[in-house]
Amino acid sequence: GAVEVNPTLAQEALARGFGGKGTGRSMEKMAQYSIQKQFELESQARQLARSIKTPTKLDNAKGYLNMLRDVSNSFKKEGYGFLSRTAKEADDLAKIIQKGNGKISVENKLKLRRLIDSMRNTSSFKESPTLSQKQAVFKVGADKLRRELAEVPGMKDIMNEYRFNIEAADSLVKEAARRGN
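Just so you know, these numbers come straight off a predicted model, no measurement behind them.

K.L.:
Lay out the nonpolar core with the relevant residues and their values.
P.N.:
If you look at the biggest cluster of nonpolar residues, it comprises 21 residues, and the most contacted ones within it are L58, Y64, L68, I97, L112 and I116. Those elements that provide at least two residues to this core are α3 (61–78), α4 (84–99), α5 (106–119) and α6 (133–150). Dropping the residues within four chain positions of it, L68 is found in contact with A90, L93, A94, I97, L112 and L115. Membership of the second largest hydrophobic core comes to 11 residues, among which are A45, L48, V106 and M159.

K.L.:
Any chance you could break down α6 for me, citing the residues and the numbers?
P.N.:
For α6, built from 18 residues, the straight-helix expectation of 26 Å at 1.5 Å per residue is met to within 8% by its first-to-last C-alpha distance of 26 Å. Along α6, the residues that are buried comprise Q135, F138, G141, A142, L145, E148 and L149. Each buried residue of α6 sits inside an arc of 150 degrees when the element is viewed along its axis, so together they form one side. More than 90 degrees from the buried face of α6, the exposed residues found are Q133, V140 and R147.

Reading the values: rules and limits
Residues numbered from 1 in each chain as written. Predicted model: local features only at pLDDT ≥ 70, side-chain atom pairs only at ≥ 80, totals over all residues. Heavy atoms only, no water. Core = buried A, V, L, I, M, F, W, Y, C linked by side-chain atoms within 4.5 Å. Buried < 20%, exposed > 50% of the residue type's maximum accessible area, 1.4 Å probe, protein only. Helix = DSSP H or I, 4+ residues; strand = E, 2+ residues; numbered from the N terminus. Contact = heavy atoms within 4.5 Å. Expected span 1.5 Å × (residues − 1). Arc of directions from axis to C-beta.

Shown next, in the form of structure tokens:
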């Protein structure tokens, strides 16, 4: 079969030097490079978020608070003890939001976005997914936090690089699977 190429992703990959010395030429090496880059970018995002000490406004703080309480209650009730860590994280973030009266640190905003993203189905990250109501709420909530975090100087570039590397790794893995590698 023919190779399916996303021209935008391919242009971004070439502009970043994929297939060259730094990334290696094999799909496996490029995927490994892309995954390693994701870890580095995650670390950069956390460091940047930690460095900003002034709390920022959390739009729809009440909505996030209700979402976190719902997640916590649901995971405690239906998680059979396996999801207690996520329930605790939701409780902790809910307390922070409540205490801050609608303002939270950039670090906690990033944690909130990561938590919401962790609860999303893989399909909810696709272009035009058909989602359950809860998954749609998680998607909208995480996307709203992405926009807020992108306003932090330097964060938008980190998040864009992170997005690219996720898409690149996903595309490389799909192509390798298609080829039977």
